[in-house]
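Below are the chains, spelled out letter by letter.
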Amino acid sequence: MDEKREIWLDWLRVTACFMVMVVHSTEPFYLGGDGSLIQNSTDAFWASFCDCLVRCCVPLFVVASAYLQFPIKYSTGEFFKRRAVRILIPFVFWTVVYALVWGQPVQNFKDLLLNFNYAAGHLWFVYMILGLYLLMPLLSPWAHRVGKKELLFYIAVCTFTSFIPLIRDWAAGGDLAVTYGPAGLPRQALFPLWGEASWNGYGVFYYMSGFIGYMLFGLYLKRFVADLSWKKTLAISVPSFLAGFGIAFGGFLRRVYASCGGKFPAAGGVDQAVWWETTWCNDTIGVVLMTIALVLLFRKIKADGGFYRRIVLPVSKASYGMYLCHMLVLLYVSGYVREWLCPDSLGFWTTPVAIFLSAIASYILVAIASVLLQRIPKAGKWLIG
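With that settled, the discussion passes to the sheet that holds strand β1 (residues 31–32). Pairing between sheet strands relies on hydrogen bonds along the backbone, with the strands arranged either parallel or antiparallel. Taken in spatial order, the 3 strands make up an open sheet running β1-β2-β5, and their pairing is antiparallel. At either margin of the open sheet sits one strand with a lone partner, and together these are β1 and β5 (266–269). Sheet analysis places β1 next to strand β2 (residues 35–38), joined by 2 bridges and oriented antiparallel. Residue pairing for β2: Gly32 is matched across the bridge by Gly35.

Here's what the structure looks like:
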């Protein structure tokens, strides 16, 4: 085994990939109808609980990528070449697959000139990570020489921006104001803060918000954080995760009950689902706290025995391909599981059983398929990365 391999990152990737499937197995319990639909209070509780429990899955991938890639170790050209083979080519392949099998292929290919296929909404992740890769060569000279205090300052600024979605909601009085973007897709209007206005979206924190904070956290972890003891790790991770989970979980439920007045079913357009998800967003403080907690916990994992070599390592190597293709399997598995269980067949526990059974079955099927595809001589790396 390569002594330089970061074992804990393999465990993190295989877990984050499962967490993604839990997120998507949860969606049928609050999305539906015209966009948002929660049938009863039980579904509201479990949709919030299960989704919030795993909401930091995408930030975990970003921290892992930054930890390994930033600052870059090659020339800019070599870095982009390696990332194209690993990220871009498999993405193009699966984008074409989704365009052919879901919706209207001709319209799908036209839409791809401007954005991803909305039927395969999880592909937004690739656009985001490619944006970070464009920044890495630019910031790498600074990342090589930055001191601990200076880096902490920028991480603190990024952390502050994770409060901005909540500040916007508070400043707007919680009203669900809606604007319509491309193709008439609704989105919540943003209350302008600190330099923003109806004619200017570039406020003071514009360039420091989003996923760049996770990239800087990955750098800080690699450069300045030693191997913490279990006592110190738990002292940081447990309260951080509980606080982050509480913010995300409570925020979702509060918005659901505010929109329906405590009477179910709670239904509305996509804009309402977007508003419900305010405290779930990847750039909000609750998700930030949960990400920090889990990264520190995963960093303690040293297990590299037989299970790691035979199961965890090959699945980790195929995890990107699993992310790309999993919706082709999960959509049908989730539908079958929900039909098989029938509404309320297990009472209060029907919803979580359906969510985790769908995620587990999908994960196993997709992992097997992705590992096998990756082993196809020459073609495997183009399909799975």
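Our focus in this paragraph is the packing of aromatic side chains. Applying the stated criterion across every chain, the model contains 42 aromatic pairs. Ring centres 6.3 Å apart and planes at 90° place the aromatic pair Phe49 and Phe249 in the edge-to-face group. Here Phe49 is found in helix α2 (residues 41–54), whereas its partner Phe249 is found in helix α10 (residues 230–260), with 200 residues between them in sequence. Phe49 gets classed as partly exposed once you look at its relative accessible area, which sits at 28%. When the ring of Phe91 is compared with that of Tyr127, the centres are 5.4 Å apart and the planes differ by 90°; the resulting orientation is edge-to-face. Within this pair, whereas Phe91 is found in helix α4 (residues 76–101), its partner Tyr127 is found in helix α6 (residues 124–145), the two being separated by 36 residues in sequence.

Let us look at helix α13 (residues 306–317). For α13, spanning 12 residues, the distance from its first C-alpha to its last is 16 Å, which sits close to the expected 16 Å at 1.5 Å a residue. The complete set of buried residues in α13 reads Gly306, Tyr308, Val312, Leu313, Pro314, Val315 and Ser316. Contacts made by the buried residues of α13 are with α1 (7–26), α14 (319–325) and α16 (350–374).

The next thing to look at is the pattern of salt bridges. As enumerated under the stated definition, the model contains 9 salt bridges in all. When the shortest N-O distance is used, the salt bridge between Glu78 and Arg82 registers 3.0 Å. One end of the pair is Glu78 and the other is Arg82, both in helix α4 and 4 residues apart, which spans about a single turn. Overall, Glu78 belongs to the partly exposed group, its relative accessible area being 31%.

About the thresholds
Residues numbered from 1 in each chain as written. Predicted model: local features only at pLDDT ≥ 70, side-chain atom pairs only at ≥ 80, totals over all residues. Heavy atoms only, no water. Pairing = 2+ DSSP bridges. Helix = DSSP H or I, 4+ residues; strand = E, 2+ residues; numbered from the N terminus. Phe/Tyr/Trp six-rings, centres within 6.5 Å; stacked < 30°, edge-to-face > 60°. Buried < 20%, exposed > 50% of the residue type's maximum accessible area, 1.4 Å probe, protein only. Expected span 1.5 Å × (residues − 1). Contact = heavy atoms within 4.5 Å. Salt bridge = Lys/Arg side-chain N within 4 Å of Asp/Glu carboxyl O.

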